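# Per-entry structural report
Listed here are the chains, written in short residue letters.
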Amino acid sequence: MHVMIFGCGYSGTAIARAFGDSGMRISGTTRSEEKAEELRRTGIEAFIFDGESLSDDLRAAMAGVTHLVQSIAPRDADPLLALLGKDSTVLLPDLQWIGYLSTVGVYGDHKGSWVTEETPCVPVSGRSKERLDAEDAWLALGRARDLPAAILRLSGIYGPGRNAFVNLDRGTARRIIKKDQVFNRIRVEDIGASTRFLSEHALGGIYNVTDDQPGPPQDVIVEAARLMGVAPPPEQPFETAEMTPMARSFYGENKRVSNAKLKATGFRFAFPNYPMSLAQLWQNDGWRG
C-alpha cells in the first residue's frame, strides 16, 4: 500500500503524518530540492514535481500508488490530470482511492446562510471556478475507473505555526470588522485525520471538512489575545482597511458551512471549534509549530 501526496505542503504534510502509523509507504511531491530534503527528514519519501512534467523516478513510484491525494491548485486546469491523459491506468495502474483537496470557496456567497454539499455552487473568484472544474474532473476519473474519489472542501486552514497567536506575536494580526461576516475554519490535523478516515473506509463523494463554529474573524483574534494575555489590535472597518485584492475577495463571500455529512460517516473532529483548539495550542505550547 502506497499513499502519494501531490503538493506536500502544510496540509499535505499533516496528511502524511496522519498516515504515519498505517504501515503504508508514504511519499509526496514538492517543487524544490530544499523542501524535498525537509520532507525526507520527517520520513516522507520526496519527489520533485514542477507541475509540468513527470520525472522517471516519480513515474516509477506512481506505478505502485494505491492512494492518491492531490492538493495542488489548478492553473487554468489541474496539472496532474493533464499529465495523466485519457488513460490514467498507464501511470497509476494500482490506484484504489483518490482524495482531492478543494475549498469551500466553490460555494460562493450565500449571505451568511448555511450551506451543505447539496447547496448549488456559485463560485465568485476565478480560482474557485477552476477548483470546481477540477472537482468534477477527479469525480469523473473515479467513475471511469470504478473507484472512490473523495472531494474534501476545506475551510480556512490553521494549526501549529499558522494561527492567530503567530500573527499577534509578529504584530501582523488585524481585527477587520465587517457587519455580519462569518467564516469557518479547520485545524490542519483534522484535515489529515479526515483524509485517512475517508481512504480507510473507501469513501468517495463530496465532504465539507470544516469546524462546528462559523464566526466573525475578529472574534478569533480576540480569543487568542485573551489566552496570550495581550491586548487585541484595534478594530478596523472593512470598508476603509488596507487589504490585498485577494484578502478583500474572501470577505466578498459569507456563509456558514455544515460538516454534518462527514460526521454522519462516523468521523469525529479532534478540534471541532476554535476556542478549544486555540486553548489546546496555547496550553501545549504548540502554536509556534
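The preceding data block contains the structure.
### Points about the overall build of the protein chain
The helix and strand tally for the protein chain stands at eleven helices and 13 strands. A globule of 289 residues ought to have a C-alpha radius of gyration of about 19 Å, and the protein chain, at 19 Å, matches this closely. With the C-alpha coordinates of the protein chain rotated into their principal frame, the extents come out at 55 × 40 × 35 Å. Burial statistics for the protein chain: of 289 residues in total, 53% are counted as buried. Within the protein chain, counting contacts between residues at least 6 apart in sequence, those at least 24 apart form 77% of the total. With an accessible surface of roughly 13200 Å², the protein chain has 52% of that area assigned to carbon and sulfur atoms. Here the protein chain contributes 33 positive and 36 negative side-chain charges, whose respective centroids are spaced 4 Å apart.

### Details of the packing of helix α1 (residues 10-18) against helix α7 (residues 188-200)
Where α1 contacts α7, the axes come no closer than 8 Å and their chain directions differ by 55 degrees. Taken together, the axis directions place α1 and α7 in an arrangement best described as oblique. Remark: the crossing between α1 and α7 carries right-handed chirality. From α1, Y10, S11, A14, I15 and A18 reach across to α7, where they touch V188, I191, G192, A193, T195 and R196. When its residues are assigned to classes, the contact of α1 with α7 shows seven nonpolar, three polar and one charged.

### Section: unusual backbone geometry
Positive phi, close to 55 degrees, is recorded for K111, a residue that is not glycine. With respect to the helices and strands, the residue K111 is situated in the loop between β5 (97-103) and β6 (114-115).

### A closer look at the sheet that holds strand β4 (residues 67-70)
Strands sit in the order β3-β2-β1-β4-β5-β7-β11 across an open sheet of seven strands; the sheet is parallel. The two strands at the open ends of the sheet, each matched to only one other strand, are β3 (45-48) and β11 (205-209). Neighbouring strand axes in the sheet, compared pairwise and without regard to direction, differ in orientation by 20 degrees on average. This element, α1, spans β1 (2-6), β2 (25-30), β4 and β5 of the sheet and lies at about 170 degrees to β1. In this fold α7 packs onto β4, β5, β7 (149-154) and β11, with an angle of close to 160 degrees to the strand it touches most, β7.

### Things to note about the pattern of salt bridges
Close approach of charged atoms allows side chains with opposite charge to pair. One pass over the structure, following the stated rule, counts 15 salt bridges. The residue R153 makes a salt bridge to E135 at a minimum N-O spacing of 2.7 Å. One end of the pair, R153, is in strand β7; the other, E135, is in helix α5 (residues 126-145), and 18 residues separate them in sequence. E135 shares its class with R153; the two are buried. A salt bridge links E253 to K255; its shortest N-O distance comes to 3.1 Å. In this structure, E253 and K255 share a single accessibility class: buried. When salt bridges that share partners are traced, they join D21, R196 and E200 into one network.

### Looking at α7
Along its 13 residues, α7 runs 19 Å from first to last C-alpha, staying within 8% of the 18 Å computed at 1.5 Å per residue. For α7, every residue scored as buried is listed here: V188, D190, I191, G192, S194, T195, R196, F197, L198 and S199.

### Considering the environment of P214
Considering the arrangement of structural elements, one finds P214 in the loop between β11 and α8 (217-228). The exposure class assigned to P214 is buried, which follows from its relative accessible area of 16%. Among all residues touching P214, those that are not within four sequence positions of it are W114, V182, F183, N184 and R256.

### A closer look at the pairing of β2
With five of its six residues buried, β2 lies for the most part within the structure. As judged from the four bridges shared by β1 and β2, these two strands associate in the parallel manner. By the bridge assignment for β2, V3 is matched with I26. In this fold, β1 hands off to α1, which returns the chain to β2; that crossover is right-handed. In the classification by handedness, the crossover that spans β2, the intervening helix α2 (residues 33-41) and the parallel β3 is right-handed.

Calculation criteria
- Residues numbered from 1 in each chain as written.
- Predicted model: local features only at pLDDT ≥ 70, side-chain atom pairs only at ≥ 80, totals over all residues.
- Heavy atoms only, no water.
- Helix = DSSP H or I, 4+ residues; strand = E, 2+ residues; numbered from the N terminus.
- Rg over C-alpha atoms; globule rule 2.2 N^0.38 Å.
- Buried < 20%, exposed > 50% of the residue type's maximum accessible area, 1.4 Å probe, protein only.
- Contact = heavy atoms within 4.5 Å.
- Areas by Shrake-Rupley, 256 points an atom, 1.4 Å probe, with all protein chains shown as cover.
- Lys, Arg positive; Asp, Glu negative; His and termini not counted.
- Charge placed at Lys NZ, Arg CZ, Asp CG, Glu CD.
- Axes fitted to C-alpha atoms, helices over the stretch in contact; angles between N-to-C directions.
- Parallel < 35°, antiparallel > 145°, perpendicular 65-115°, else oblique.
- Left-handed = near helix turned anticlockwise from the far one by under 90°.
- Nonpolar A, V, L, I, M, F, W, Y, C, P; charged D, E, K, R; others polar.
- Pairing = 2+ DSSP bridges.
- Salt bridge = Lys/Arg side-chain N within 4 Å of Asp/Glu carboxyl O.
- Expected span 1.5 Å × (residues − 1).
- Right-handed = clockwise from strand over helix to strand, strands pointing away.

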